[in-house]
Structure formats: C-alpha cells, structure tokens
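Secondary and tertiary structure notes
Residue strings, one per chain:
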Amino acid sequence: MAQGPALAPLPAGFGRYLDWFSGFVDGYAARLAGDPNIAVKREHSRRVFDEARAILAAEPAPATGTFATLLAALFHDVGRFPQYERYRTFRDADSTDHARLSHLTLQREKVLAGLDPAVRRLALGAVVLHNRRSLPPGLAPALARAAGVVRDADKLDIMRVMLAQLAPDAPANAVVTLHLADEPGAYTPALLEGLLAGRLGDYGRMVYVNDFKLLLLSWVHDLSTAAARRAFAERGFVERLFSLLPRTPDMARAAALCAAALKAGEGG
Ligand SMILES: [Fe+2]
C-alpha cells in the first residue's frame, strides 16, 4: 500500500513463508530472465499481502483466520508463475485456472505442511476461491471471510496494476491487458449493460481493453469489507477508470451508479 494505513502485525513464524515465496519466484525470474511479467506478479503478490494486512488491521479476525488469510493473500497467485512459463499468458480461458494451479503448486511443494490442518484448509480454500466470479453461497463463515479479504485485497492491487498499465504514456503490455483489442472507442455493449444492472463482469465476454475497464468497475458490487470500499473511494478508482472510457450518456449513468454503489456499502 502506498503509505498510510496500519498493517496487521506479521504473525510469529510467518517469515518462512515470505522466504519460500521469494525463492520460488527467484527460480522463474532466473529461467525467464528479463521478462517483466514475472516482476509484475511478484510485486502484485507482495502488495496483495500488504493490502490484506491493512484490511485485517482495520477489521481484525481471530488468530487462525488471520494466519490463513495472510497465507492465502501471499500465495493466491503462485500458479501464475507456472501458468506463464508454460503458456505465456495470464488468460485462464486460453490456458488453465490459475487459482487451481496455485492450490496444486502449494500441495506439490508441500509449502503448508506442518501447519494446523484447520489453517491449511482455510488458506487453500481461500486460494481456490480467489478468482471465482462470486463466492458460492453456503460457505463456512471463516472461509467466506478469509476468501472475502483475499478477493478484496486482490482487487485493490489489480486496480493499481491496471491503472498504471492503462495510463496513456504506459508502454503496451499485451499480457497484462490479456491480449484484448486496444480500440479507444470500442466496448462490448453487454458488459456496459451488465454494469448498469449491477452485475459482475465476465472475463470470458471481454473483447476490447475498454471491456476490461468495465469489468474492473463492476467490482464495486463485490467488495466484502468496508476497508476495501473505503480504499476504492479514497484512491478514486471509479473516477479514474471512467476518465479512460468513451464519454457517452450511458457511461455517465454507469459512473453515477458505481459511485452510489460504493457509498451505499459504506460502513457495511
Ligand atoms: Fe489471481
């Protein structure tokens, strides 16, 4: 997080997981020397971890939940590295479900061996659920909460990554923009209609870079913590994304609706 918000303290014994993560990514960085996408995902994982610490500082969880949530935040995207090495894309539809690959990688590398089974289950569950369009109903409250914090933290940092990538002077990176067509005036009407109806965007329907912006905006409907809603508002994500979209009456309507959705959730 840029600066400011307090972070939940690092639990005792957590340092070894940070060390494992560094060593794991170092292996990919060495094999794919000079590829910026490894650094993008390393930085993203570390920042999601800090975003989760900030959310937990604002909205504390019991010790088991805190440990599991921080593990899941740090490790949610470990599957991105083997995904990228093998397929050279972050598009799950063209490769593999990267959350399942994260789960598989953690199991294969025995990263969570020796942990309390309840913590391990919670962490792995939150990893697998982090990229679902929405959380399935009926989850155990501890899992819903851990997954909710990881998903919020992930969204906050994806916003940072995408806004930096979408800045007019940023060098193009087709991997980060998921190989979508960059046509300034073009967007898929179904995605705008979905946003206007308060629905979450569907990665599978994206064609243009503008569709990705509309999908990111739909996340105002899927933040589970008040701390994340506050951060969305304070960082101006909604305004900044709409400033990068075509100026039409429907877009203006969607902007007002997204701002209202963030506000409506305040304190909730
Ligand atoms: Fe992910």
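The rules behind each value
Residues numbered from 1 in each chain as written. Predicted model: local features only at pLDDT ≥ 70, side-chain atom pairs only at ≥ 80, totals over all residues. Helix = DSSP H or I, 4+ residues; strand = E, 2+ residues; numbered from the N terminus. Rg over C-alpha atoms; globule rule 2.2 N^0.38 Å. Buried ≥ 20, exposed ≤ 12 C-beta atoms within 10 Å, placed from the backbone. Contact = placed C-beta atoms within 7 Å. Arc of directions from axis to C-beta. Core = buried A, V, L, I, M, F, W, Y, C linked by C-beta atoms within 7 Å. Domains from an automatic or database assignment. Axes fitted to C-alpha atoms, helices over the stretch in contact; angles between N-to-C directions. Parallel < 35°, antiparallel > 145°, perpendicular 65-115°, else oblique. Left-handed = near helix turned anticlockwise from the far one by under 90°. Nonpolar A, V, L, I, M, F, W, Y, C, P; charged D, E, K, R; others polar.

Bringing the overall build of the chain into the picture now. On a plain count of helices and strands, the chain comes out with 12 helices and zero strands. The N-to-C order of helical and strand elements in the chain reads α-α-α-α-α-α-α-α-α-α-α-α. Here the C-alpha radius of gyration of the chain, 18 Å, is about what a compact globule of 268 residues would show, namely 18 Å. Overall, the chain is about 55 × 45 × 35 Å in size when its C-alpha atoms are taken along their principal axes. Burial analysis of the chain (268 residues in total) assigns 37% to the buried set. Intrachain contacts of the chain at a sequence separation of at least 6 include 67% that bridge at least 24 residues.

What follows covers helix α8 (residues 189–196). Within α8, the full set of buried residues consists of Leu191, Leu192 and Leu195. One side of α8 holds all its buried residues, which, seen down the axis, span an arc of 100°. For α8, the secondary structure elements touched by its buried residues are α9 (209–218) and α12 (249–264). Just beyond α8, the residue with positive phi is Gly198, at close to 80°.

Right, let's get into unusual backbone geometry. Positive phi, close to 60°, is recorded for Arg88, a residue that is not glycine. Its identity as a non-glycine residue notwithstanding, Lys110 has a phi of 55°, on the positive side. Along the chain, Lys110 turns up in the loop between α5 (98–108) and α6 (117–129).

A few words on the nonpolar core. The biggest cluster of nonpolar side chains holds 64 residues, and the ones touching the most others in it are Ala52, Ala72 and Ala126. Of the residues forming this core, the biggest block, nine residues, is contributed by helix α7 (residues 141–166). Mapped onto the domain boundaries, this core takes at least three residues apiece from domain 1 (15–156) and domain 2 (180–264). With near-sequence residues (within four places) excluded, Ala52 lies in contact with Thr69, Leu70, Ala73, Val149, Val150 and Ala153.

It is worth spelling out the packing of helix α2 (residues 36–58) against helix α3 (residues 63–75) at this point. At a minimum axis separation of 7 Å, α2 and α3 run at an interaxial angle of 155°. For the element pair α2 / α3, the angle class is roughly antiparallel. Pair α2 / α3 crosses with right-handed handedness. On α3, the residues touching Ser45, Val48, Phe49, Ala52, Arg53 and Leu56 of α2 are Thr66, Thr69, Leu70, Ala73 and Leu74. Broken down by class, the residue content of the contact of α2 with α3 amounts to seven nonpolar, three polar and one charged.

Along its sequence, the chain is carved into domain 1 (15–156) and domain 2 (180–264). Contacts between the two partners involve 13 residues from domain 1, matched on the other side by 12 residues from domain 2. At the level of secondary structure, the elements contributing two or more residues to the side of domain 1 that touches domain 2 comprise α2 and α7. Looking at which element gives the most residues to the side of domain 1 that touches domain 2, the answer is α7, with six residues. Classifying every residue of the side of domain 1 that touches domain 2 gives six nonpolar, two polar and five charged.

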